[in-house]
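Summary of the model geometry
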Amino acid sequence: MTAPTESAIDIWDDDILVDPYPAYAALREQAGVVHLPKNDLYVVTRYDIIRDVLGDPSTFSSTTLGFNPMVNEALQGTSLASDPPVHTQLRATLSENLTPRALRGLKVTIDEKADKLVAELVASGSFEAIDSLARAFPLEIVAELIGFSGHVKDNMLRWGQAAMQVIGPLNQRTQESFPIAGELYGWCSSVTGDDLTPGSIGRGIFDAESRGDIPEGSAGHIIHQYLGAGVDTTIASIGNIVALFGRHPEQLQLVRENPELVPAAFAEVLRYWTPLHIWGRTATRDVEIDGVTVPAGAQLGVLLGAGNRDARHYENPDVFDVTRNPVDHLSFGYGPHGCAGQGLAKLEGHAIVGALARQVQSITITDEARVASNMTRSIDKLHVAKVVAA
Ligand code: HEM
């Protein structure tokens, strides 16, 4: 049995969280799986190996996918933190409202909302893109979809961010976020259908629970997952669209000239800057990965962004190219847990890319600031000093 090679990297170091790509490259070139003693973790770094791990839930369990015991306990019973066959049933219920068929009616509304919001921002001449677009847009869409209003809507951003942050190791960020994530857990365990707007998807989930179509008590869990998994990640990807079009005006130009590139451009944004830094699994047995043995019980950290830049899979992976169309990128995961909300995320991403391509000739960015965050890599402030209308 050969043990994996080691690296002294701390994968939650502030500098790495802000710009993980040099560390991803170093770890990926070192090996397909690397032991990080500082984090008591085995990170998986190459595209094919990441797919193998995510595609094999009996060897790589999701039941302790978080990086601290408290969050693993809190996530028990969710689709995210379960393995087949339990996962299969939970997932069916959860994804029923997120299938392409269920979402079909939403495209027009989402496109219209994106066009309106982008038009207002373009008319203003300059704006801060994270609060006014990347956060404003998904918060409005998800709130309306699930049927939130009032104080819940006001808390969605804090709750969504905290729900992701606490999946990290027990560092200061996690500890500060637990009370906020606790507010979300508390709300989800007491919410009833009457708290959600009639006709919304959220209300429908509670109706299904009262009919006995889904297990008692599962409706609150589902709402929690939509909020926890669907807010922070989408916000990151929309901020990244604006920043990457600002940095690469010729790529915006290409989408303007070829509107059929909208889906490919969003897929490339997701590949190039991966919203989730790391995701967990646990080895259920001694297992050979890339010729070395990872011991039973080991915690794995799947580096989705490292796989997305693997030259063994993508040609010139460090180049942002909207014509690439990387439909097989890893940002939505892979296998049985592959993102259940990707249909909605794509509707939102395509709407924003399309609205920008139709309405904007160029974007000048003067300030792009990131803050270190355990799980989601996103821009915190993005100042668009000048936007030229099309
Ligand atoms: C760009 C935006 C998004 C990204 C990058 C993203 C990423 C991911 C990833 C990597 C996973 C796999 C987790 C695993 O393997 O354990 C996942 C699962 C999931 N996502 Fe997303 N997601 C996004 C948007 C959304 C949205 C909008 C929703 C719902 C409203 C959503 C709901 C879920 C759910 C419920 C799961 C768990 C599925 C399961 O356990 O079977 N996501 N997402």
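Throughout what follows, the structure given in this document is the object of discussion. The structure presented is a predicted model; accordingly, all values stated were derived computationally and were not measured. (Residues numbered from 1 in each chain as written. Predicted model: local features only at pLDDT ≥ 70, side-chain atom pairs only at ≥ 80, totals over all residues. Heavy atoms only, no water.)

Below, the discussion takes up the coordination of the iron atom of the ligand. Protein coordination of the iron atom of the ligand rests on one atom only, Cys339 (SG), at 2.3 Å. Its location among the elements puts Cys339 in the loop between α16 (304-308) and α17 (342-359). (Donors = N, O, S within 2.8 Å, 3.2 Å for Na, K, Ca; no water. Helix = DSSP H or I, 4+ residues; strand = E, 2+ residues; numbered from the N terminus.)

Within the structure shown, the criterion is met by zero disulfides. Cysteine Cys188 remains unbridged, with the sulfur of Cys339 as its closest cysteine sulfur at 17 Å. A relative accessible area of 7% places Cys188 in the buried class. (Disulfide = S-S within 2.5 Å. Buried < 20%, exposed > 50% of the residue type's maximum accessible area, 1.4 Å probe, protein only.)

Attention now moves to the sheet that holds strand β4 (residues 60-61). Pairing is mixed across the open sheet formed by six strands, whose spatial order is β1-β2-β3-β9-β6-β4. Two strands lie at the open edges of the sheet, namely β1 (5-6) and β4, each paired on one side alone. Summarising the sheet, β4 and strand β6 (residues 279-283) pair through two bridges and their orientation is antiparallel. Looking at the pairing, Ser61 lines up with Thr282 of β6. Against the sheet, helix α3 (residues 47-54) touches β3 (41-44), β4, β6 and β9 (299-302), its axis set at about 125° to β9. (Pairing = 2+ DSSP bridges. Contact = heavy atoms within 4.5 Å. Axes fitted to C-alpha atoms, helices over the stretch in contact; angles between N-to-C directions.)

On to the sheet that holds strand β10 (residues 360-370), then. With respect to topology, three strands assemble into an open sheet ordered β5-β11-β10, the strand pairing being antiparallel. Across the chains shown, the open sheet's two edge strands, defined by having one partner strand only, are β5 (127-128) and β10. Two elements, β5 and strand β11 (residues 379-389), share two bridges in a ladder whose sense is antiparallel. Residue pairing for β11: Phe127 is matched across the bridge by Val384. Each of β10 and β11 touches helix α13 (residues 232-247); the most contacted strand, β10, lies at about 115° to it.

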